[in-house]
Amino acid sequence: MRQRVAALLVLFGLLVGGCVERKPTVGVLLPLTSDDLSGWGNEAYEGFMLAVEDSGTEFQPIVQDTGGTVSGTIGAFEALVRQGATVVIGPIGTDAAKAAAVVARRHQVPFLTPSATGVEVTADNPFAFRFCYDDGDAAEALAAFARQTLDLKRIAVVVDLGTSYSVGLAGAFEEAFSRQRGVIVAEIGYWADDPSSADVLDRVAALDVDGALMAGYGGDVARMVRAASHERLGELVLLGGDGWDSDELREILPTKVRDAYHTSHFHVDDPREASVTPFVERYTAVHQVPPSDFAALMYDSTRAVLSVFDPSLDGVGMAKRLDSIREWPGVTGVISMNPEGNPTEKGIVLERVILGGPSRFVERTSR
Amino acid sequence: MPPDRETDRSTHATPARVVRDMSRVLEVDHPIDADEFRRRYPRLPDALKAIHRRAERRAGSGASTDVRDGRHVGIGSELDDYRIIGEIGRGGMGMVYEAEQLSLGRRVALKVLPSGALRNQRAVDRFRREATAVARLSHPRIVAVHGFNISGDSAYLAMELVRGLDLADIVDKLRSARTHGRRFVLISGPDLDVDVSEWARGRKLVGTVPGDPRAPEGIVIDLRNYQHMAASIAADAADALRHAHAHGIIHRDIKPSNLLLSENGHVKLSDFGLAKGIEDQSLTKTGDFVGSPAYVSPEQASSRRARIDERSDIYSLGVTLYELLTLHQPFAGKDVADALRKIITKDPPPPTRINPRLSRDLETIVMKAIEKDPDKRYQSAAEFGDDLRRFLNYEPILARPLGPIGRLARSMQRNRITWALAGMGLTIVALLAALTVQGGSGGRASVILQEVGRTISDPETLGALQSASELAVDLSPDERQRRILEMADEVTRLLDAGDLELVLQRLRTIDVKVALAMGSAGAPLLAETLRSTKVRTVRAVRDAIGRETTAQGRRRWLLALERLLGDPDSLVAKNAAVVLGEVGDSTSLGRLVDALRERDDRVGKVAVLRAIAALGDPSVAEHVADIARSPDPWVRFHVLETLEALQPEDLELLTVVFRGDETGWIQHRYRMAREGDR
């Protein structure tokens, strides 16, 4: 159903885009039809729609589907430029955002990714912006939590070698954990679609470790947890990043390991955000489910872009507008852009995975 | 006689004893049991070789003794204050004996000029020059002269006796010794194949074994520290040259056989027979070639008049170090003329091409020392020696490697014809491009393509040039981008179809095509679009290696992985490093060491370090230590972990490199490594 809706929206976007070609507008890049990413893409789309509605504007951005691939992202970004986009919201993943950065620089059209955490996404590029913390920040927070709160001393790191996100998060965590006098016992690589990676967690359990960082995406981690059977599994604490946003993983983890924690961008129980409750209530009323990280980040990103969008400006002008965002109140935190296109002081949420329910809010840390 | 005792005695068998025993066996007239004889005399082959060598010497010199003034110069004879004890060697200038100086009771090396040579004024001059030159010098790294006499029919030079080997011997022995899989190798003594690993393990070896009664007989080389030993020898030799140059003397014949390595590991510079004063500004005359062909500087080798100064010695010492490190002469020729021609015209292969495990810093030092232009070399022996010591102390060296542009410029200077042809190739590309623009010129284009096709036989290269030309002429950036995406898609489709060979072929040329067409602007787009395909290619190659049944086929796939290791994208490089760490071989290890030096991204560097640790070959520990001066603490941290993994029993290098590291968490990790508290 979601895919059908998304396809219709894309068609609509193309038609509208075709009709209003070259009129300055806002573009949106999301993976709406990808097998792997469409779940997150559609959650983000729902956050986008709510933001458009809440902004009270008649103005309708153009949405393009990336198909969840790098080449699809490049083609979709190009299409948005042809259709007159002078600023783009999205894409949501690190690899797609890195590709978007190349196109953005070439056309001098800025993009704001709500959720791509790869450090290099915004590096040395005046047209690349993000509304979330990066992997370095998340890794610092996670490493400090693991060492100081959980007192984990010896950790294995399991990394998806096929994604920049996983490799980036794993590397940053290893460095941060080592700086905290922790020991990285091993880094074990896998490829998500490689059947031989099923036993990775058993290999981890066979090591002399207190736990492991599973730096991949939630669905892949869930598959590995499900396949694992080592007798020491129940002694391990597993850690993850924001890519763990997976119901499947939340269900299986508490039944297999001693404990599990992961970072995220947003939690409905975050007591420090006064704006969270109204947003959660509105979103839940519309969609019958509480908002996810992607929905919340996209909601913030869309409202922020629409608040600074000026149809009289070209891409360079819009980049300056994004650059000038200060103290902007979002549901995921208060955002001020630094000169590198990253938000300053974006909080990092830590969640604990518990049996029989949604993850529990643990704490929110600042960089 | 008990067999054991007989065998024991046989280990000291002299040729004479062997012959005597053989005669005795023959006398009792019973069949010779060859196996029994070999058991009794396990070193018989060496003894027989010694007999043969001695016979050769006799044949070569006419006699091992010299008759002068009615006196025999031979073992036991006396020459003035010296009694001959034994032969050391035979050089171009006559025999060298070990002798006792009777008045002082000390052992010396006595170089005796053959009586016939006394009629050769040039030889006498050379002999005198050596004596007077060295007499001005007093340096622990220069063989001292104790006495000299040249009068009538008698000419000899009494010198400091150095027990050991010259570097030419060492290179020869290393070329022939079984070094594979060994850390320690015995390069002198009766049996080179003795495995000395057990004896040497845990001992600190600078390169040779000082008089340890338990030590194997001979000089032991620690192969793991070999390049540092070689650099240390060259640094000491540079010190000797600094002293000689400071006293106004140019040696002019620096080569391995004139550098002696004593048994206590010290190098000594000898044979100043061709030495010349720096102040003597007379030019080398045409055809007046002096020195040893393989080691002379281009200005010495040149037929043109050229000024020879101390930088010629620096060059020759650089060539010597090159040979020590690679066991190859950089300018080996089929004859003297060929060698001299190469010295003047050819660039030697970089040492790491011959021995990939060598330090790139050390290579840079060597290549600077053997620059053809004296102005580009180290300008003094002090500069040369100081840079070598910086390398030995893990400090940044001052020499800078010649970059690609520098190499290109030098190559263009020397190989004008080749570059003219290359220019023609580029012209063809441009012409093709122009013809492609002119839509109606397809016929002419095909004619030219046929011509190009006759010149360039490799269809892949031809195809790459052709499609690059098409990309180059397409003036629309959108269209260029579209074609790049198409090319990337094509590679992905080929991979999906399982045509791995073709994928690798396309990946080899696609960067070139895009660079030709779009310059650096196309690279980021290509990198983004091909990243996941390249990662999948690494996996496909890994699977292919798993299926491969032949060593040759396996190496071919490993080569493909090694190429992917050089990819500028750190994710691709990391994938290649991980797989090479699992399935790589010793050649891959060399490529990993190269990658360690070449990569400037921390993800790639750390991945390469992990792969090196996974392969676990301690012989590359020094190369790993070379990058410990990285300003990035995360890289240094991995250097520490890698060294710890490579040297579980010997933490000496770890200590040298990390004892003073001021980063707290690295220091903490270092202490854990020292204490073995994992």
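Above this text you will find the structure in question.
It should be emphasised that the depicted structure is a prediction, and the values quoted were computed from it without experimental measurement.

### Some remarks on the interface of chain A and chain B
Contact residues are listed per partner, giving 19 residues for chain A and 21 residues for chain B. Mapped by element, the contributors of at least two residues to the side of chain A that touches chain B are α3 (70–82), α4 (94–107), α6 (164–179) and β7 (183–190) of chain A. Looking at the side of chain A that touches chain B, the element that brings in the most residues is α6(A), giving six residues.

### Quick notes on the sheet that holds strand β13 (residues 259–262) of chain B
All names here are of chain B. Sheet architecture is open: three strands sit in the order β9-β13-β14, paired in antiparallel fashion. The open sheet is flanked by β9 (164–166) and β14 (267–269), the only strands paired with a single partner. Recorded for the sheet is a direction-independent mean angle of 25° between the axes of neighbouring strands. Note that β9 and β13 share three bridges and pair antiparallel. Its bridge partner being in β13, Gly164 is matched across the sheet by Ser262. Docked against the sheet, helix α8 (residues 226–246) engages β13 and β14, running at close to 35° with respect to β14.

### Side note on the sheet that holds strand β11 (residues 328–330) of chain A
All names here are of chain A. Read across the open sheet, the three strands follow the order β11-β12-β13; overall the sheet is antiparallel. Of all strands in the sheet, those with a lone pairing partner are β11 and β13 (343–344), marking the two edges. Relative to strand β12 (residues 333–337), β11 runs antiparallel, the two sharing three bridges. Following the sheet pairing, Trp328 is matched in β12 by Ile335.

### Here's the deal with the packing of helix α27 (residues 633–646) of chain B against helix α29 (residues 664–675) of chain B
Residues and elements named next belong to chain B. At their nearest, the axes of α27 and α29 sit 10 Å apart, and the two run at 5° to each other. When the interaxial angle is binned, α27 and α29 end up roughly parallel. From α27, Pro633, Arg636, Phe637, Leu640 and Glu644 reach across to α29, where they touch Ile666, Arg669, Tyr670 and Ala673. Of the residues assigned to the contact of α27 with α29, the class counts are six nonpolar, no polar and three charged.

Parameters at a glance
Residues numbered from 1 in each chain as written. Chains lettered and ligands numbered in written order. Predicted model: local features only at pLDDT ≥ 70, side-chain atom pairs only at ≥ 80, totals over all residues. Contact = placed C-beta atoms within 7 Å. Helix = DSSP H or I, 4+ residues; strand = E, 2+ residues; numbered from the N terminus. Pairing = 2+ DSSP bridges. Axes fitted to C-alpha atoms, helices over the stretch in contact; angles between N-to-C directions. Parallel < 35°, antiparallel > 145°, perpendicular 65-115°, else oblique. Nonpolar A, V, L, I, M, F, W, Y, C, P; charged D, E, K, R; others polar.

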